[in-house]
Amino acid sequence: MKLSKRNYNCLLLMRVLKQTINIFTDSFLVLYFLQLSNNNILPVGIFNLFKYTMIIITMFTIRNLLKKSKRIFLLRIGVFLNFVFFFLLFIFKEKIINYAWLLGFVGGLEEGFYFSVFNIYESKIPKDNFAKYSGIYTALNSLIAVLIPIIFGSVMSFSGFDKCLIIIFIFVFIKIIISFIYKDVNIPKEDKMNLKKYISILKSNKNVLLSHFVSFSNGLTYSGAFSSLVTVYIIKVFKTGFSLGVLTSVFALVTSFASFIFAHLIKRKQYIFLIKTSNFLTIIALIYMILDCNIYSIIFFNFIQSFAKTYASLINEGNTMIVSNYDIVKKEYKEEYFLTHELFIYFGRLISYTVFCLLAFANNTLYVNVIMVVFIIFIIYRSIVSILLQRKND
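Note that the structure is a prediction, hence the values are computed from the model and not measured. (Residues numbered from 1 in each chain as written. Predicted model: local features only at pLDDT ≥ 70, side-chain atom pairs only at ≥ 80, totals over all residues. Heavy atoms only, no water.)

Colleague: What is the right way to read the overall build of the protein from this model?
Modeller: For the protein, the helix and strand inventory stands at 15 helices and 0 strands. The C-alpha radius of gyration computed for the protein amounts to 20 Å, which stays within 12% of the reference 21 Å derived for 394 residues, consistent with globular compactness. Dimensions along the principal axes, computed over C-alpha positions, put the protein at roughly 55 × 45 × 40 Å. Here the protein holds 394 residues, and 53% of them are scored as buried. Relative to all contacts within the protein whose residues are 6 or more apart in sequence, the contacts with residues 24 or more apart total 84%. (Helix = DSSP H or I, 4+ residues; strand = E, 2+ residues; numbered from the N terminus. Rg over C-alpha atoms; globule rule 2.2 N^0.38 Å. Buried < 20%, exposed > 50% of the residue type's maximum accessible area, 1.4 Å probe, protein only. Contact = heavy atoms within 4.5 Å.)

Colleague: Just checking my understanding: could you explain the pattern of salt bridges for this structure?
Modeller: Pairing between side chains of opposite charge can happen when their charged atoms approach one another. The full count for this structure, using the stated rule, is 4 salt bridges. Across the pair Glu111 and Lys18 runs a salt bridge whose closest N-O atoms are separated by 3.8 Å. Residue Glu111 is found in helix H4 (residues 100-123), and its partner Lys18 is found in helix H1 (residues 5-36); the two are separated by 93 residues along the sequence. Taking relative accessible area as the criterion, Glu111 reaches 7% and is therefore assigned buried. Salt-bridge contacts for Lys51 lead to Glu111; the nearest nitrogen and oxygen are separated by 3.5 Å. (Salt bridge = Lys/Arg side-chain N within 4 Å of Asp/Glu carboxyl O.)

Colleague: I keep staring at the packing of aromatic side chains and nothing clicks. Help me out?
Modeller: Here the distance between the centres and the angle between the planes together describe a pair of aromatic rings. Under the counting rule described, the total for this entry stands at 35 aromatic pairs. Centre to centre, the rings of Phe47 and Phe85 are 6.1 Å apart; their planes meet at 55 degrees, and the pair counts as tilted. Pair noted here: Phe47 is in helix H2 (residues 42-61) and Phe85 is in helix H3 (residues 72-92), with a separation of 38 residues, a long-range link. Of the two residues examined, Phe47 and Phe85, each falls in the buried class. Following the ring pairs from residue to residue traces out a cluster consisting of Phe24, Phe28, Tyr32, Phe33, Phe47, Phe85, Phe86, Phe152 and Phe161. Over the ring of Tyr137 we find Arg15; its NZ or CZ atom is 3.8 Å from the centre of that ring. The ring of Tyr114 has Lys18 sitting right over it, with the charged end atom 5.6 Å from the ring centre. (Phe/Tyr/Trp six-rings, centres within 6.5 Å; stacked < 30°, edge-to-face > 60°. Lys NZ or Arg CZ within 6 Å of the ring centre and 35° of its normal.)

Colleague: I keep staring at unusual backbone geometry and nothing clicks. Help me out?
Modeller: With glycine set apart, most residues show a phi of negative sign, and most peptide bonds adopt trans. If you check the backbone angles, Asn39 has positive phi at about 70 degrees while not being a glycine. Within the element layout of this structure, Asn39 appears in the loop between H1 and H2. When its relative accessible area of 57% is taken as the criterion, Asn39 is described as exposed. Its identity is not glycine, yet Lys93 carries a phi of approximately 50 degrees, on the positive side. By secondary structure assignment, the location of Lys93 is in the loop between H3 and H4. Using a relative accessible area of 31% as the deciding quantity, one classes Lys93 as partly exposed.

Colleague: Whenever I open this one, the layout of surface pockets confuses me. Can you help?
Modeller: Rolled over the atoms, a probe with the dimensions of a water molecule shows which regions are left empty. Approximately 510 Å³ is the volume found for the second largest pocket. If you trace the second largest pocket, you find 21 residues lining it, with Asn39, Ile41, Val232, Tyr233 and Lys236 closest to the centre. Mapped onto the lining of the second largest pocket, the elements with two or more residues apiece are helix H9 (225-238), helix H11 (271-291), helix H14 (334-359) and helix H15 (365-393). Per-element tally for the lining of the second largest pocket: the top contributor is H9, with 5 residues. Counted by class, the lining of the second largest pocket contains 15 nonpolar, 4 polar and 2 charged residues. (1 Å grid on protein atoms, 1.4 Å probe; cavity = no way out; pocket = protein on both sides within 12 Å on 5 of 7 lines; lining within 4 Å. Points joined across faces, edges and corners; volume = space filled by probe spheres on them. Nonpolar A, V, L, I, M, F, W, Y, C, P; charged D, E, K, R; others polar.)

Colleague: Explain the side chain of Ser223 here, please?
Modeller: Among the structural elements, Ser223 can be located in the loop between helix H8 (206-220) and H9. Here the side chain of Ser223 touches Asn218 through a polar contact of 3.0 Å, landing on its backbone oxygen. (Polar contact = N/O pair within 3.5 Å; in protein donor to acceptor, adjacent residues only side chain to side chain.)

Colleague: I tried to follow the packing of H1 against H9 on my own but got confused; where do I start?
Modeller: The relative placement of two packed helices comes down to the angle between their axes together with the axis-to-axis distance. Two numbers describe how H1 lies on H9: the axes approach to 10 Å, and their chain directions differ by 55 degrees. Considering their axes alone, H1 and H9 lie oblique with respect to each other. Once H1 is placed against H9, the crossing between them reads as right-handed. Along the contact surface, H1 presents Asp26, Ser27, Val30, Leu31 and Leu34, while H9 presents Ser228, Thr231, Val232 and Ile235. The residue inventory of the contact of H1 with H9, partitioned by class, reads 5 nonpolar, 3 polar and 1 charged. (Axes fitted to C-alpha atoms, helices over the stretch in contact; angles between N-to-C directions. Parallel < 35°, antiparallel > 145°, perpendicular 65-115°, else oblique. Left-handed = near helix turned anticlockwise from the far one by under 90°.)

See below:
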């Protein structure tokens, strides 16, 4: 399918805007919840449990609509629900802490509709254009990852959370406009998704199954409760939204530096060593932060995690694309492949945030340490499955 320049630009802008909004929800919404609840992390956990549960339910429910024509309506539903999400925050204000479950419910519906379609549209970008698309997005993402946290942190500290919401509403309205500018392409109606048959392929092809386990491990760790855990520890030490914004921006620069090193200095034969080393150092840094939570341990952990998360993401993204081009997947089951990958990630996140919620009930050091050991086991599991898949694709 040939992608028009207009659609190409629309996808790029929507992805950048979504990432900008995610920076706010992943860090500053967590800070807002903690401020309202006197540093009780339970509302953060409840919000994410409902969110990821609804994402899984939504993606599974609408799966057969993804092979129908006019999928753009599903994307627009997701964008509109994004507006509803922030409207709830605006209406309930401080009382939203009592409705964390409702916010998670709407957020899960939004992401379920939005990403089910958006990921398919991105997969339709021709190979000769995708490198340029990815490069432009990476450059823009690096820029917003540095600037946006400082902006939100400053506004939240000096003007309040409501002023941040005004900025967010502007971004959401732009997304709504773009979703109507995007011109959908009439596609031939395909057969319904056959997940039962696809599962049989997973059972018979260990490489394809292994790639899903890697996605599951990603949900358990870096794209799961780890992000909220890091934010909680930063707030525990630095207290303010401005400090959170500055630190988030600084480590975005570290992430950009790590990406540069990966692109220009790291060879494929070094990937396995990189996986082992980065995950080992992450475990050491996590233990250090748990045993002695101070400015130095927070900075050290975030520095190590920025490298580890970047390398894990880049390596596994490459392996995911390699497996997606296996003949057994490419010819008939590409939609099933990407859908189940997303579901595996969200199942991992669901488990990760369940463990995160248990921290809210930890009333002694031993209990906290046991839960942290569980997170360390998640990192070890991720390291093992990532190495196995890398060896299969080398």
